[in-house]
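# Analysis of the macromolecular model
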Protein chains: 2
Amino acid sequence: MRVEVTDALSRAFFSEWSRVGYAALSLERVAKAAGVGKAALYRRWPSKAAMASDLLSRVGLTLTETGDMGSLEADVRALLLAFRRVLRHRLIRRILTDLLAEIGREPALETALRPFQQARRDRVQQLIERAIARGELAATVDRETILDFLVAPLYWRLAVTKGRSDIAYIERLVRMTKAAMAAG
Amino acid sequence: MRVEVTDALSRAFFSEWSRVGYAALSLERVAKAAGVGKAALYRRWPSKAAMASDLLSRVGLTLTETGDMGSLEADVRALLLAFRRVLRHRLIRRILTDLLAEIGREPALETALRPFQQARRDRVQQLIERAIARGELAATVDRETILDFLVAPLYWRLAVTKGRSDIAYIERLVRMTKAAMAAG
DNA sequence: GTTGGATGGAACGATAGCGTTCCATCCATA
DNA sequence: TATGGATGGAACGCTATCGTTCCATCCAAC
């Protein structure tokens, strides 16, 4: 099967997803937007959920990885900046919020999202372990709750309240997150 | 118009919303689930968006209000517990996540949600002002960012990662949030 | 008891996506 | 240059919802 057709379909799928949402996503429109016959789509994927899962799992490979930045503060800053870079894409933001809403209804999507969550979780775990090794955090901190604190406020601001997220904000977030981690 | 019909329609609307999501919500099914003719529904609301906005604005009145608990820590705890009580309802959680995803596509919904956001914002503002008056927080703290920290982690855990939120977790959240606020 | 308005229910034509099938055309490989 | 598989496009029957209309029934207020 021709690769450019597959690519066009993938792009159209995400574009449509962002535009109308998962539930209202019509494969007929996806094919049309890709400039492709419906048959070409159904030859590749049997259903909307299957297509979504497949495409999401492919994208999962693109996750950025940041190494040891030398200190907890620098690690947190790097993580937040990387997260911000991703969440600033309108298309990604739309799809992510939609995905989080749709997961409760389409179990297949949860499976597809799991690699992302696991990658994020692993990355934060490493960050915490490094901080403990450096003596910047107590060994008894609650990993799960720290994970919540490292991701949630920035997500909330970028995807929900749609406020500013300039460097000054990120720096404040770094300070506050560090303080929270030390208390956890 | 008969009140019990209006009530049945309202209940059915939220129930269906939670079940299939806003985009896939069919007013025909809502009427059927309410045991009511479609005409009775369209006599009351002209469209899905209008019905959603109207019903949401009615619900807005039910927002719980907690007074001064005597200290920043007690205030934060009360806020988190109240928030948890709301977010523990499966129906509310589903509708809320769905709403946050749909807002980008249906401006009318943003208008309907605004009173909620404003109420939450006001409440947090009062909490902060009280803390400053008590000398527990510096007058220079960033209100907006604190707002993010007070709401986001708990939302993230309850609505996204679907992890535990027992009292021990809430207490940890109180400690960490307090530390973050002091650093902000 | 009468009356007037709201009701449940059924049907309308229109639109749209579903998943599938068919076919003439295109194009890469051999 | 020949050939076989993928292609775009059109159409299939089916189902569902839309927003509207009609009507016989019901019920509450007078």
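About the thresholds
The residue count restarts for each chain, going from 1 along the sequence in the order it is written. As they are written, the chains are lettered A onward and the ligands numbered 1 onward, keeping that order. Selection of residues for local features in this predicted model requires a pLDDT of at least 70, selection of side-chain atom pairs for listing and counting requires 80 or more, and totals for whole chains, interfaces and linings are taken over all residues. For the side-chain quantities, the full set of heavy atoms in the structure was used; hydrogens and water were omitted. Each helix is a run of H or I in the DSSP string that is no shorter than four residues. Each strand is a run of E no shorter than two, and both are numbered from the N terminus. To sort residues, take the accessible area from a 1.4 Å probe on protein chains only and compare it with the maximum for the residue type: under 20% means buried, over 50% means exposed, and anything in between is partly exposed. We call two residues in contact whenever any of their non-hydrogen atoms come within 4.5 Å of each other. Method for areas: the Shrake-Rupley scheme with a 1.4 Å probe, in which residue coverage is limited to the protein chains shown. Residues counted as positive are Lys and Arg, residues counted as negative are Asp and Glu, and His and the chain ends are not counted. Note that the charge is assigned to NZ on lysines, CZ on arginines, CG on aspartates and CD on glutamates. It suffices for a single heavy atom of a residue to lie within 4 Å of a molecule or strand for the residue to be listed as near it. Polar contact criterion, stated in full: a pair of N or O atoms within 3.5 Å, where within protein one must be able to donate a hydrogen and the other to accept it, and residues adjacent in sequence count only if both atoms are side-chain atoms. Three categories are distinguished: nonpolar for Ala, Val, Leu, Ile, Met, Phe, Trp, Tyr, Cys and Pro, charged for Asp, Glu, Lys and Arg, and polar for the others, with Gly belonging to the last. Superposing copies: least-squares fit, C-alpha atoms only, residues required to have pLDDT of at least 70 in both. Where each domain begins and ends follows an automated or database-derived domain assignment. Whenever a carboxyl oxygen of Asp or Glu lies within 4 Å of a side-chain nitrogen of Lys or Arg, that contact is scored as a salt bridge. Ring geometry is summarised as follows: Phe, Tyr and Trp rings, the Trp one being its six-membered ring, pair when their centres sit within 6.5 Å, and such pairs are stacked at plane angles under 30 degrees, edge-to-face over 60 and tilted between the two. Fitting a line to C-alpha atoms yields each axis, with helices limited to the stretch in contact; the angle taken between N-to-C directions then spans 0 to 180 degrees. Working rule for angles: under 35 degrees goes down as roughly parallel, over 145 as roughly antiparallel, 65 to 115 as roughly perpendicular, anything else as oblique. Crossing handedness: left-handed means the near helix sits turned counterclockwise from the far one by under a right angle, and right-handed means the same turn made clockwise.

### Some details on the overall build of chain A
Per the secondary structure count, chain A includes nine helices and zero strands. A principal-axis box enclosing the C-alpha atoms of chain A has dimensions of 60 × 30 × 30 Å. Residues classed as buried in chain A amount to 50% of the 184 residues present. The contacts in chain A between residues at least 6 apart in sequence include a share of 65% that link residues at least 24 apart. A total accessible area of about 8,500 Å² is found for chain A, and carbon and sulfur atoms account for 54% of it. Separation of charge centres in chain A, based on 31 positive and 21 negative side chains, amounts to 7 Å.

### Notes on the protein's contact with DNA strand D
Neighbouring DNA strand D are 19 residues; Arg-43 and Arg-44 of chain A together with Arg-29, Lys-38 and Tyr-42 of chain B lie closest to it. Sugar and phosphate atoms represent 64% of those atoms of DNA strand D found within 4 Å of the protein. Arg-43 of chain A places a side-chain nitrogen or oxygen 2.9 Å from a phosphate oxygen of DNA strand D. One of the side-chain nitrogen or oxygen atoms of Lys-38 of chain B is found 2.8 Å away from a base oxygen of DNA strand D. Elements with a contribution of two residues or more to the surface near DNA strand D: helix H3 (38–44) of chain A together with helix H2 (27–33) and helix H3 (38–44) of chain B. In terms of residues, the surface near DNA strand D owes the most to one element, H3 of chain A, which gives five residues. Taken together, the residues of the surface near DNA strand D sort by class into nine nonpolar, three polar and seven charged.

### Observations regarding the environment of Glu-4 of chain B
All names here are of chain B. Take Glu-4: it is sitting in helix H1 (residues 3–20). Taking relative accessible area as the criterion, Glu-4 reaches 47% and is therefore assigned partly exposed. Side-chain polar atoms of Glu-4 contact the side chain of Arg-2, separated by 3.1 Å.

### Let's talk about the relation of the copies chain B and chain A
Between the two chain copies there is a screw-like relation: a rotation about an axis and a shift along it. With an axial shift of 0.0 Å and an RMSD of 0.0 Å, the rotation relating chain B to chain A amounts to 180°. Taken together, the rotation and translation describe the operation of a two-fold axis. Looking at chain B, 100% of its interface residues are interface residues in chain A too, so the copies touch through the same face.

### Remarks on the domain arrangement of chain A
All names here are of chain A. With domains assigned, chain A is organised as domain 1 (3–51) and domain 2 (63–183). Computed from C-alpha coordinates alone, the two centres of domain 1 and domain 2 are separated by 30 Å. The interface is formed by nine residues belonging to domain 1 together with eight residues belonging to domain 2. Viewed at the interface, domain 2 and domain 1 are joined by zero salt bridges. Viewed at the interface, domain 2 and domain 1 are joined by three residue pairs in polar contact (both at pLDDT 80 or more). Sort the elements by how many residues they give to the side of domain 1 that touches domain 2 and helix H1 (residues 3–20) lands first, with five residues. A breakdown of the residues in the side of domain 1 that touches domain 2 according to their chemical character gives five nonpolar, three polar and one charged.

### Description of the packing of aromatic side chains
Inspection of every chain in the model, using the stated rule, returns 11 aromatic pairs over all chains. Relative to Trp-156 of chain B, the ring of Tyr-155 of chain A has its centre 5.1 Å away and its plane inclined at 65°; by these criteria the two rings are edge-to-face. A residue pair is termed interchain when its members come from two chains, as with Tyr-155 of chain A in helix H8 (residues 143–161) and Trp-156 of chain B in helix H8 (residues 143–161). As far as burial versus exposure is concerned, Tyr-155 of chain A and Trp-156 of chain B are alike and both buried.

### Structural notes on unusual backbone geometry
Residues and elements named next belong to chain A. Although it is not a glycine, Lys-162 sits at a positive phi angle of roughly 55°. Along the polypeptide, Lys-162 turns up in the loop between H8 and helix H9 (167–183). A relative accessible area of 43% means that Lys-162 is categorised as partly exposed.

### Concerning the environment of Leu-87 of chain A
Residues and elements named next belong to chain A. By the element assignment, Leu-87 lies in helix H5 (residues 72–87). Separated by 71 residues in the primary sequence, Leu-87 and Leu-158 place their C-alpha atoms 6.8 Å from one another. Excluding anything up to four places from it in sequence, Leu-87 contacts Arg-93, Leu-96, Tyr-155 and Leu-158.

### Remarks on the packing of H8 of chain A against helix H9 (residues 167–183) of chain B
When two helices pack together, their arrangement is given by the angle between the helix axes and by the axis-to-axis distance. Between H8 of chain A and H9 of chain B, the least distance of the axes is 11 Å, while the angle of their chain directions is 50°. The orientation of H8 of chain A relative to H9 of chain B falls into the category oblique. Seen along the crossing, H8 of chain A lies across H9 of chain B with a hand that is right-handed. Residues Thr-145, Ile-146, Asp-148 and Phe-149 of chain A of H8 of chain A touch H9 of chain B, and the partners they reach there are Tyr-169, Arg-172, Leu-173, Met-176 and Thr-177 of chain B. Taken together, the residues that form the contact of H8 of chain A with H9 of chain B break down as five nonpolar, two polar and two charged.

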